[in-house]
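Now for the letters of each chain:
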Number of protein chains: 2
Amino acid sequence: MAKSPKISASQEPGGLIVHISGLLPSLSPAEQRVARLVVSDPAAAARRTITDLATAAETSEATVIRFCRSVGMDGYPQLRIRLAAEAARRIEPPDARVVGGDIPPGADLAQIIATIAFNDARAVEETAEQLDPAVCEQVVEAISGAGRIDIYGAGASGFVASDFQQKLHRIGRIAFYFPDVHTALTSAALLGRGDVAIGISHTGTTSDVIEVLEQARTRGAVTVALTNFPRSPITDVADFVLTTAARETTYRSGATASRLAQLTVVDCLFVGVAARNRARARKALEATAEAVQSHRVGANRRRA
Amino acid sequence: MAKSPKISASQEPGGLIVHISGLLPSLSPAEQRVARLVVSDPAAAARRTITDLATAAETSEATVIRFCRSVGMDGYPQLRIRLAAEAARRIEPPDARVVGGDIPPGADLAQIIATIAFNDARAVEETAEQLDPAVCEQVVEAISGAGRIDIYGAGASGFVASDFQQKLHRIGRIAFYFPDVHTALTSAALLGRGDVAIGISHTGTTSDVIEVLEQARTRGAVTVALTNFPRSPITDVADFVLTTAARETTYRSGATASRLAQLTVVDCLFVGVAARNRARARKALEATAEAVQSHRVGANRRRA
DNA sequence: CGCCTGGTGAAAGTAAGTTTCACCCGTGGC
DNA sequence: GCCACGGGTGAAACTTACTTTCACCAGGCG
């Protein structure tokens, strides 16, 4: 027997609180006391037990339940979780970060962390957005069919080059990385048709890398450039150009955003190559994972 | 009372879910089943009763309670409302990317790129959210005042260690990185009070790194661990623990997300240290930037 | 005055959450 | 190979939270 008018609040999309305050006047005195508590601090109410809330509203648990039904809930637990959800939603996202912004001199560490993370995440996202899948596809194709892959990079980009080399190696592709220009040049001279040379340079102006890539191209290898600047010198010696999208304000954040963007691109290429031959790649990965197993200590459990 | 090591989750600022996935490997099998259910659909879990959830996880209510305690909650009701809040906060991204999900076999490169970028960006953001500024501050403090800083890391984490070393070096701090265990051990043995040793290990189980960190600690150095798993063995030998929040499904994405997360943390520490002495750091950075200038080719202009 | 009616809380009842405890199973010492 | 040990587990006992029932008390009305 529907004694209650059934206010249809069974699923209020965005405003349980609003809904409650709307029907506040139609509630009985005791229920109103409950309603006011709930509306004034939903988060706190969500944390309370029914007895607690009843006491705070100077009424009985029974009334609280009646209140729940009056506003369209099944019972107290449901009200509780809806309240928690509602309260959480209201907390404004702390969106005031400036993209690519510098870090203010007086900033505390929490601010620094937020700013860095925001910019880093941004760089990754934006890089992915502007990456041309068609070009990636061709690069993946070239790598997959390559007899040998040489990867060049200096300084910070050297880490990325090295990382890429290691990744490709792990799935059984023959890849090299040279930290030193002379060795790199020597290697490039030995490349030929069907081989691939990849040059990584954030600015696109690192002469060492350009030089080596040029050499590789002369020998008939497919050349790939990974840089942040689509019109930089390195693109002149590359058959394919992949770009990152880090808006780095010079050095302040340790140039990490550009590194992350580069790594993301490398990862995409890697997964693309691995996906070309799932079975083989997986097998290779498992084998390598197993190899380091003996260097891991017992389970990842509670301390003794 | 305090049987549990108290993982401080009592108030995770932005990421209960993240927190849980971090602890996942340190949980017992039955608890892991519960954790997986919760992580995969927090909103649904919040709606369930404890008995319901226990049944779904094919375990007993007792285990669910144990799980609640393991992740730092008081009991099931608290978990429930926190879950509801968490679920509400994340305005679901329009795309149906599976977080931490595998890449479907038939995926084209565009999909692969989107998925990878999404997960990578996510790892960075979530890592920042759960980073404890207070701990960072202490680590920054230690690094700033250190006579010498040793950084250890094996395999993939080695790149990060190396990157960190380079960064600190660039702002004039005396930092070392050792790719080889023996050298690292030797170095650790020479550390003393006032020095800092930093160990990086994604899984937190790399015995080489743990061993070296332990040695450093014995010698009186301040030890810092950077890992994805707050209860892994490496945390036993660290004075300060910093965690990343990459929910990597093993190898598929080349473990890049965890790398990015680590780099982000490193970057935060770096900027923190640099901020302590702006003038000096800036000067050092400018000097080093100038040093590589001669290896850059002409302006970043259009091709000739 | 007596009957109805809506609002209320006490108390009874049910379901949810929590604790206890015995069992199992793998580990490591003897 | 045996046995003690300790962690992981679920059944059952237990406690607390939630829900229902019901009797009571106003106030309104015939």
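Refer to the structure above for everything that follows.
Here we summarise the structure given alongside this text. Sequence positions are assigned chain by chain, starting from 1 and proceeding in written order. Naming scheme: in the order in which they are written, chains are lettered from A and ligands are numbered from 1. At least 70 in pLDDT is required for a residue's local features to be given in this predicted model, at least 80 for side-chain atom pairs to be given and counted, and no such filter applies to totals for whole chains, interfaces and linings, which use all residues.

**Digging into the overall build of chain A**
Short version of the rule: Here a helix means four or more residues in a row that DSSP labels H or I, a strand means two or more in a row labelled E, and each is numbered from the N terminus. Any pair of residues counts as being in contact when their C-beta atoms, constructed from backbone geometry, are within 7 Å of one another.
Helix and strand content of chain A: 13 helices and 5 strands. Partitioning the intrachain contacts of chain A with sequence separation of at least 6 by distance along the chain shows that 65% fall at a separation of at least 24.

**Description of the environment of B:Arg69**
Residues and elements named next belong to chain B. Counted only if it meets this: Counting other C-beta atoms within 10 Å of a residue's C-beta gives its exposure: the residue is buried at 20 or more, exposed at 12 or fewer, and partly exposed in between, where C-beta atoms are placed from the backbone.
One can find Arg69 in helix H5 (residues 61-70). With 16 C-beta atoms counted inside 10 Å, the residue Arg69 sits in the partly exposed group. Along the sequence, Arg69 and Ala35 sit 34 residues apart, while their C-alpha atoms lie 12 Å from each other.

**Observations concerning the protein's contact with DNA strand D**
Applicable threshold: Put plainly, near means the residue's C-beta atom, positioned from the backbone, lies within 6 Å of the molecule or strand in question. Classes in brief: Ala, Val, Leu, Ile, Met, Phe, Trp, Tyr, Cys and Pro nonpolar; Asp, Glu, Lys and Arg charged; the others, Gly included, polar.
Lining the immediate environment of DNA strand D, one finds 19 residues, of which A:Ile50, A:Gly75, A:Tyr76, B:Ser28 and B:Ala30 sit closest. Looking at side-chain class alone, the surface near DNA strand D contains 8 nonpolar, 7 polar and 4 charged residues.

**Some thoughts on the protein's contact with DNA strand C**
Taken together, 18 residues surround DNA strand C, and among them A:Ser28, A:Ala30, B:Ile50, B:Gly75 and B:Tyr76 come closest. Sorting the residues of the surface near DNA strand C by element identifies helix H2 (29-40) and helix H5 (61-70) of chain A together with helix H4 (50-56), H5 and helix H6 (76-89) of chain B as the ones contributing at least two each. Considering only residue class, the surface near DNA strand C consists of 8 nonpolar, 7 polar and 3 charged.

**Structural notes on the packing of H2(A) against H5(A)**
All names here are of chain A. Quick note on the threshold: Throughout, an axis means a line fitted to C-alpha atoms (over the contacting stretch in the case of helices), and angles, computed between N-to-C directions, take values from 0 to 180 degrees. Small angles under 35 degrees read as roughly parallel and large ones over 145 as roughly antiparallel, with 65 to 115 read as roughly perpendicular and the rest as oblique.
Running from amino to carboxyl end, H2 crosses H5 at an angle of 75°, the nearest separation of the two axes being 9 Å. In this view, H2 runs roughly perpendicular relative to H5, as classed from their interaxial angle. Along the contact surface, H2 presents Ala30, Glu31, Val34 and Ala35, while H5 presents Thr63, Val64, Arg66, Phe67 and Ser70.

**Concerning helix H2 (residues 29-40) of chain B**
Owing to its 3.6 residues per turn, the α-helix brings residues three or four apart onto one side. Residue and element names in this part refer to chain B. Using the following cut-off: The span one expects for a helix is its residue count, reduced by one, times 1.5 Å. As used here, the arc is the angular range of directions from the helix axis to the C-beta atoms.
An ideal rise of 1.5 Å per residue puts 16 Å on 12 residues; H2 measures up with 16 Å between its terminal C-alpha atoms. Within H2 the residues assigned to the buried category are Glu31, Val34, Ala35 and Val38. All buried residues of H2 project into a common sector of 100° when viewed along the axis, lining one side. Summarising the contacts, the buried residues of H2 are in contact with helix H1 (16-23), helix H3 (42-47), H4, H5 and H6.

**Details of the sheet that holds strand E1 (residues 149-153) of chain B**
Residue and element names in this part refer to chain B. For the record, the criterion: Pairing between two strands is assigned when DSSP locates at least 2 bridges connecting them.
Read from one edge of the open sheet, 5 strands run E2-E1-E3-E4-E5, paired in parallel fashion. Single-partner strands in this sheet number two, and they are strand E2 (175-177) and strand E5 (240-243). Adjacent strand axes in the sheet meet at a mean angle of 20° when their direction is disregarded. Sheet topology places strand E4 (residues 222-227) next to E5; 4 bridges connect them, and they run parallel. Across the sheet, the residue bridging to Thr227 is Thr243, located in E5.

**Remarks on the packing of helix H7 (residues 109-130) of chain A against helix H12 (residues 256-276) of chain B**
For clarity, the threshold we go by: Two helices crossing with the near one rotated counterclockwise from the far one by less than a right angle form a left-handed crossing, whereas a clockwise rotation gives a right-handed crossing.
Running from N to C, H7(A) and H12(B) cross one another at 135°; their axes reach a closest spacing of 10 Å. Classified by the angle their axes make, H7(A) and H12(B) are oblique. Once H7(A) is placed against H12(B), the crossing between them reads as right-handed. On H12(B), the residues that touch A:Leu109, A:Ile112, A:Ile113, A:Ile116, A:Ala117 and A:Asp120 of H7(A) are B:Thr264, B:Asp267, B:Cys268, B:Val271, B:Gly272 and B:Ala275.

**A look at helix H12 (residues 256-276) of chain A**
Compared with an ideal rise of 1.5 Å per residue, which puts 21 residues at 30 Å, H12(A) spans 30 Å between its outermost C-alpha atoms and is within 8% of the ideal. Across the 21 residues of H12(A), 20 count as buried, placing the element largely inside the fold.

**Some details on the pairing of strand E3 (residues 196-200) of chain B**
Residues and elements named next belong to chain B. Heads up, the condition is: The crossover handedness rule: strands pointing away from the viewer, path from first strand over the helix to second strand clockwise, crossover right-handed.
The element E3 is largely enclosed, with a buried count of 5 among its 5 residues. Of the two faces of E3, both are covered, the one formed by Val196, Ile198 and Ile200 as well as the one formed by Ala197 and Gly199. Across 5 bridges, E3 lies against E4 in parallel orientation. Residue Ile198 lies in a different strand from E4, and its bridge partner there is Val224. As a crossover connection, the stretch from E3 through helix H11 (residues 207-218) into E4 is right-handed.

**Focus on the environment of A:Val39**
Residues and elements named next belong to chain A. Assignment of secondary structure puts Val39 in helix H2. Sequence separation between Val39 and Val18 is 21 residues; the distance between their C-alpha atoms is 8.3 Å. Every residue in contact with Val39, bar those within four places of it in the chain, is listed here: Ile17, Ile20 and Ser21.

**Points about the nonpolar core**
Defined as follows: As used throughout, a nonpolar core is a set of buried Ala, Val, Leu, Ile, Met, Phe, Trp, Tyr and Cys residues joined through C-beta atoms within 7 Å of each other.
Grouped together as the largest cluster of nonpolar side chains are 184 residues, with contacts concentrated most on A:Leu213 and B:Leu213. With residues near it in sequence (within four places) discarded, B:Leu213 still touches B:Tyr152, B:Ala197, B:Gly199, B:Thr223, B:Ala225, B:Ile234, B:Val237 and B:Ala238.

**A look at the sheet that holds strand E5 (residues 240-243) of chain A**
Residues and elements named next belong to chain A. In space, the 5 strands of this open sheet follow the order E2-E1-E3-E4-E5, with parallel pairing throughout. The open sheet has two edge strands, strand E2 (175-177) and E5, and neither has a second partner. Ignoring strand direction, the axes of neighbouring strands in this sheet form an average angle of 20°. Here strand E1 (residues 149-153) pairs with E2 via 3 bridges, running parallel. By the bridge assignment, Ile149 is partnered in E2 with Ala175. Contacts from helix H9 (residues 156-170) reach E1, E2 and strand E3 (196-200) within the one sheet, and its direction differs from that of E1 by about 160°.

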